[in-house]
Amino acid sequence: MRKLTKKAIAVTLSAALLTTTFLSNTTTQAGEEAPIKKIEVTYPWTPVEGGTTGDYIADSYDGVEAGHVFESVTQERLLDILASEGNYYIVFGGPEHSTTQSVLATINEQAKENGITKIYHFDPYVDGYQIDITDKDTGFKGNNKSVSELWTRIKEALPENPEINNFKGEDTLLFAYENKGGVKKITGFYAKKSGLKAPGPKNEKEEIAKVFKDKEGNVVQASVRSDYEFFSRNYNGSASYVEQRQDRSENRLGAAVEIFTKDDETDFPLHQVNFNELINLLQSPGQKYIFFGTSWCHNTQAIIGSVARKAKANGIQTVYVYDTTLGNQLTFDETDVNKVVGTNSAFNTRNNANVNGNNNISYLYGELAKLLGDFQTENNSKQNNSIAYYPNGDLEGTITSVKPWETAEAGTVTSAIRLQLPFLIGYDKDAQPKVNKQWLHANKTEGTEGTYTEYMLELAWVLGTEEAKASTSKRDGLSIVDFAAEAVKELSAVLGDKEIGQQTNEQETTTSGEETTGTTEATSKEETTVKNGAVKKSAVKKATKKKSAKKLNIQLEKAAGVSGYQIQIFKSKKAKKALVSKKINKVRVTITSKKLKNQKKLFVKVRAYVKNGKKYQYSDWSSLKAVKIK
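Residues numbered from 1 in each chain as written. Predicted model: local features only at pLDDT ≥ 70, side-chain atom pairs only at ≥ 80, totals over all residues. Heavy atoms only, no water.

Undergrad: I'm lost on the overall build of the protein chain in this one. Help?
TA: Counting secondary structure elements, the protein chain contains 16 helices and 34 strands. The burial tally for the protein chain puts 53% of its 630 residues in the buried class. Look at the contacts in the protein chain between residues 6 or more apart in sequence, and 70% of them connect residues 24 or more apart. Counting only carbon and sulfur atoms, one obtains 46% of the accessible surface of the protein chain, whose full area is about 28,400 Å². (Helix = DSSP H or I, 4+ residues; strand = E, 2+ residues; numbered from the N terminus. Buried < 20%, exposed > 50% of the residue type's maximum accessible area, 1.4 Å probe, protein only. Contact = heavy atoms within 4.5 Å. Areas by Shrake-Rupley, 256 points an atom, 1.4 Å probe, with all protein chains shown as cover.)

Undergrad: It is not clear to me how the pairing of strand S6 (residues 86-92) should be interpreted in this structure. Could you clarify?
TA: Two faces belong to every sheet, and in a regular strand the side chains alternate between them. Burial of S6 is extensive: six of the seven residues sit out of reach of the surface. In terms of strand pairing, S6 meets strand S10 (residues 172-180) through seven bridges, oriented antiparallel. By the bridge assignment for S10, Ile 90 is matched with Phe 175. Looking at chain direction, S6 and strand S7 (residues 119-122) are connected through three bridges and run parallel. Among the inter-strand pairings, Phe 92 is bridged to a residue of S7, identified as Phe 122. (Pairing = 2+ DSSP bridges.)

Undergrad: I would appreciate a short explanation of the sheet that holds strand S20 (residues 435-438) in the present structure.
TA: Hydrogen bonds between backbone groups are what pair the strands of a sheet, and the pairing can be parallel or antiparallel. On the basis of which strands lie adjacent, the open sheet formed by five strands has the order S12-S14-S13-S19-S20 and mixed pairing. Strands at the two margins of the open sheet, each flanked by one partner only, are strand S12 (270-273) and S20. Neighbouring strand axes in the sheet, compared pairwise and without regard to direction, differ in orientation by 30° on average. Where S12 meets strand S14 (residues 319-322), four bridges bridge the pair, whose relative direction is parallel. Residue pairing across strands places Gln 272 opposite Val 321, the latter belonging to S14. Contacts from helix H8 (residues 227-244) reach S12 and S14 within the one sheet, and its direction differs from that of S12 by about 85°. The sheet contacts of helix H11 (residues 363-372) involve strand S13 (288-292), S14, strand S19 (423-427) and S20, and relative to S19 the element is tilted by about 45°. (Axes fitted to C-alpha atoms, helices over the stretch in contact; angles between N-to-C directions.)

Undergrad: What is the right way to read the packing of aromatic side chains from this model?
TA: Aromatic ring pairs: the centre-centre distance and the angle between the two ring planes describe each pair. Tallied over the full model, the rule gives 24 aromatic pairs. Members of the aromatic cluster, joined through ring pairs, are Tyr 228, Phe 230, Phe 231, Tyr 235, Phe 260 and Phe 268. Over the face of the ring belonging to Trp 621 we find Lys 605, whose NZ or CZ atom lies 4.6 Å from the ring centre. (Phe/Tyr/Trp six-rings, centres within 6.5 Å; stacked < 30°, edge-to-face > 60°. Lys NZ or Arg CZ within 6 Å of the ring centre and 35° of its normal.)

Undergrad: In this structure, what is going on with the side chain of Arg 252? I would like to understand it.
TA: Assignment of secondary structure puts Arg 252 in the loop between H8 and S12. Among the polar contacts made by the side chain of Arg 252, one reaches the side chain of Glu 458 at a distance of 2.7 Å. (Polar contact = N/O pair within 3.5 Å; in protein donor to acceptor, adjacent residues only side chain to side chain.)

Undergrad: Which parts of the structure should I look at to understand unusual backbone geometry?
TA: When glycine is set aside, most residues are seen to have a negative phi, and most peptide bonds are trans. Here the amide bond leading from Leu 421 into Pro 422 is cis, since omega sits at 5°, within 30 degrees of zero. Note on placement: Pro 422 falls in the loop between strand S18 (416-417) and S19. Here Gln 432 and Pro 433 are connected by a cis peptide whose omega angle stands at -5°. With respect to the helices and strands, Pro 433 occurs in the loop between S19 and S20. A positive phi is found at Asn 598, a non-glycine position, where the angle reads about 60°. Among the structural elements, Asn 598 can be located in the loop between strand S30 (588-592) and strand S31 (603-612). For Asn 598, a relative accessible area of 46% translates into the label partly exposed.

Undergrad: So what exactly am I meant to see when it comes to H11 here?
TA: Of all ten residues making up H11, nine are buried, and the element is well covered by its neighbours. Looking only at H11, the buried set comprises Tyr 363, Leu 364, Tyr 365, Gly 366, Glu 367, Leu 368, Ala 369, Leu 371 and Leu 372.

Right, here's the structure in full:
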């Protein structure tokens, strides 16, 4: 068990990557060899003595405390950011490398001084240890494909740039990324190369500050890609791709579908975490809600919308979504960033390792399962499937072979219990067992008592289509529609008893002001809203207010052919719920609300709409614009 010390991972792993111990000989004064000393290696998944705080970045970097500007992202989340319009700040690096350890605190400090609220942190060492996806000669594979493909996808999504081309996993690279209408640029960067003895230039902070500024020396504020925007694009696109590939049947809708709509955006609870973040979270105090699911999986697509809405109805702020696949799952159309045209599950760590090296990344799943402790699955109850892996990722070692339900010799590492996707649990490291809530069907038909069936569903079952209702297929004696209805209901076993209600928007009651016109965000029961239409986008050109005032002056970019605009005002870039939400029909407006008084910071976004009768068709939301407080 290791103590929670920042740099513990970096210091230990820089000395040895692939061995579990070091052997060291010392010599006595008489020339005799002293006994061999055994030095234990600390792995990223080694249990932390006393636990973690649950903030992976703050726990891992010297000089970086809670309240930092960084958000750690998966490869899939990074690709989503790179495909989105805006100005983003991204840092490639990891706490296991001295280059990042030596500079991340300085980046954080300078970003805060410049008012930068978000920098996305991506670690090319996807296990925080040895899987370097920038190494084209790496021996790590999933389904006979090199993990270096994950880096290739990232490079393809970025504009041609020498710093990206020459980047190595041990280096650190901070860069400003601009995407305007699909035209991509890297407008500034600061790099620290591995192997250099010097700590960095004396003017390092000044060099970092330049990354945040344009050619005129003005700070360019960071765009933020929200959890809702990420999940809605990926799951709406992937579900539509899956459902449209076949004609309508008991298992398929035969048409495009929306898993998430704008009604889900406020207080959206889902947040994707990578392997290193999840390991950190599992060792932090308090109840956690973890959903194992992946965007390429039709079974996940069937229930993830219900998970989000159930959590929201029960006041759960965060459900951590972990994908056992390392990345590269979805391929989007070259001309439509929201349209999925292909899926890929090659880098799934939930597959058995094999000696020929076609798949040797399953230790990420194996070590994770060990930390989860005792939990129940369909495969475990029926004793018919588990995951073999190399303990601690030692490819020179022996693959596990003992099944979890078999008796093993003392010290033997067994294979890992295999869960199927989707899988939802409640977890508390101080509970016994640690997995203290589970979403699982207990079998009731004769001869199956004591075993379980996991809720692997289809969207057609959940929606109860006529074809699904007419099906003779059964799950433990239940029709597929009844089985799906039970699955939605049994989310309560983990997320709480409050049922999923009709989604409503909070009405803004204070709406005075000379130029403020139009209706409030709340819609009538008769109104039908058409989402995500081909409506011209708008943007916030200017937004100002006096600190003590209740009034906010806004100037919008005019969008051709629209009926009006919807404005939302937030007190921070991270806020999921708007302070004020209002529909207007002018590009220059004054919004009045008591909620705006004495706010130190405010941010505004807008979307345009076209109204036909009682139907509304919206554009995409603009990026957030900081309000100038006088």
